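So you can see what is in the structure, the chains are spelled out below.
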Amino acid sequence: MDLELLSQILIIIGIDIVLGGDNAIVIALACRNLPVDKRNKAILLGTGLAIIVRIALTIIAVYLLMIPFLQLVGGLFLIYIAYNLLTEDGDDVNKIRGGTTLFQAVRTIVVADLVMGFDNVLAVAGAAGGKIILVVAGLLISIPIIVWGSKIILKFMERFPIIIYIGAGILALTAGKMITHEERIQPFLETYSFSHYIIPLITIVFVLLAGLIKKTSTK
């Protein structure tokens, strides 16, 4: 495995973990009204279906990003997502309702993951660079970590806020790379050969500074 491929997989795993850190809370809330003997079934079924849906949507997103200017638009939107990661309050998780039947709990897990995972889908599709195998490998590695270890991840994020900034930086880097991969602006970028390195760097600095300013201004 070459270094570039390994770095892409690690970036995808990092994106999944940072953006999917609240999945365990979603699962816990969705299953909290179920009898104990049905909770494990709901967790396994809900998580399994959510993984399948997530992989399918990410693969679709990979192909959609091949449409002219969608790499550029997707990159700009990913900058907003990275900024939002630093400034959001995380209220969406508290709106999850628990199901009273196995079907309701599974449905809640899948729907919540679908709605809350849109940013994840776009980020992973951009980081994959059109390689479907990276999407599948990254998700299969990271989702079990999220499901069984996200409570620990969340505690680390609360204790060490720098992790959130690292995650936002990864997203900003992905956004910058998506923008530079947009074919329609390649003639402009080729005029300034260093732009392929400068644009991702600018997106990282912009997102981190904007998020930091927003956080400090609201305190």
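Residues numbered from 1 in each chain as written. Predicted model: local features only at pLDDT ≥ 70, side-chain atom pairs only at ≥ 80, totals over all residues. Heavy atoms only, no water.

**Considerations on unusual backbone geometry**
A positive phi angle is found at Phe69, which is not glycine, with a value near 75°. Considering the arrangement of structural elements, one finds Phe69 in the loop between helix H3 (36–64) and helix H4 (70–87). (Helix = DSSP H or I, 4+ residues; strand = E, 2+ residues; numbered from the N terminus.)

**Describing the nonpolar core**
Ranked by internal contacts, the top residues of the largest apolar core, which has 39 residues, are Ile15, Leu78, Leu85, Leu171 and Val207. When residues of this core are traced back to their parent elements, those giving at least two are helix H1 (3–19), H3, H4, helix H6 (118–128), helix H7 (132–159) and helix H8 (162–180). Setting aside chain neighbours within four positions, we find Leu85 in contact with Val18, Leu19, Ile164, Gly167, Ala168 and Leu171. Listed in part, the eight residues of the second largest apolar core include Cys31, Ala42, Ala105 and Val110. (Core = buried A, V, L, I, M, F, W, Y, C linked by side-chain atoms within 4.5 Å. Buried < 20%, exposed > 50% of the residue type's maximum accessible area, 1.4 Å probe, protein only. Contact = heavy atoms within 4.5 Å.)

**As for the confidence of the model for the protein chain**
Caution applies to low-pLDDT parts of the model: their predicted coordinates are not meant to be read in detail. Per-chain confidence: the protein chain averages 79 in pLDDT, with 81% of residues scoring 70 or above. Mean pLDDT values over the elements of the protein chain span from 67, in helix H2 (residues 23–31), up to 88, in helix H10 (residues 195–218). (pLDDT = per-residue confidence, 0-100.)

**A closer look at a nonpolar patch on the surface**
On the surface, Phe188, Tyr192, Phe194, Tyr197, Ile198, Leu201, Ile202, Val205, Phe206, Leu209 and Ile213 cluster together to form a nonpolar patch covering roughly 1200 Å² of accessible area. With eight residues, H10 is the single largest residue contributor to the nonpolar patch. Relative to the assigned elements, Phe206 resides in helix H10. (Patch = residues over 30% accessible without salt bridge, like charges linked within 9 Å, V, L, I, M, F, W, Y side chains within 5 Å. Areas by Shrake-Rupley, 256 points an atom, 1.4 Å probe, with all protein chains shown as cover. Salt bridge = Lys/Arg side-chain N within 4 Å of Asp/Glu carboxyl O.)

**Focus on H6**
Counting buried residues along H6, 10 of its 11 residues qualify, which places the element largely inside the surrounding structure. The complete set of buried residues in H6 reads Asp119, Asn120, Val121, Leu122, Ala123, Val124, Ala125, Gly126, Ala127 and Ala128. One or two residues past the end of H6 sits Gly129, with phi positive at roughly 60°.

**With respect to the environment of Ile198**
The residue Ile198 is located in helix H10 in this model. Under the relative-accessibility criterion, Ile198 is labelled partly exposed at 35%. For the pair Ile198 and Thr180, spaced 18 residues apart in the sequence, the C-alpha separation amounts to 9.8 Å.

**Quick word on the environment of Val73**
Along the polypeptide, Val73 turns up in helix H4. Of the residues examined, Val73 reaches a relative accessible area of 47% and is grouped as partly exposed. Expressed as a C-alpha distance, the spacing of Val73 and Ile179, which sit 106 residues apart in the sequence, is 7.9 Å.

**Quick word on the packing of H1 against H6**
Where H1 contacts H6, the axes come no closer than 9 Å and their chain directions differ by 170°. Put simply, H1 runs roughly antiparallel to H6. Note on element contacts: H6 touches H1 through Asp119, Asn120, Ala123, Val124, Ala127 and Ala128, opposite Gln8, Ile11, Ile12, Ile15, Asp16 and Leu19. (Axes fitted to C-alpha atoms, helices over the stretch in contact; angles between N-to-C directions. Parallel < 35°, antiparallel > 145°, perpendicular 65-115°, else oblique.)

**So, H4**
For the α-helix, the turn length of 3.6 residues means that residues three or four positions removed from each other point alike. When the terminal C-alpha atoms of H4 are compared, their 25 Å separation across 18 residues agrees well with the 26 Å that a helix rising 1.5 Å per residue should span. Among all positions in H4, only Gln71, Gly74, Gly75, Leu78, Ile79, Ile81, Ala82, Leu85, Leu86 and Thr87 are buried. (Expected span 1.5 Å × (residues − 1).)

**Focus: the side chain of Gln186**
Tracing the backbone through its elements, the reader meets Gln186 in helix H9 (residues 186–191). Dropping the residues within four chain positions of it, Gln186 is found in contact with Thr180, His181 and His196.

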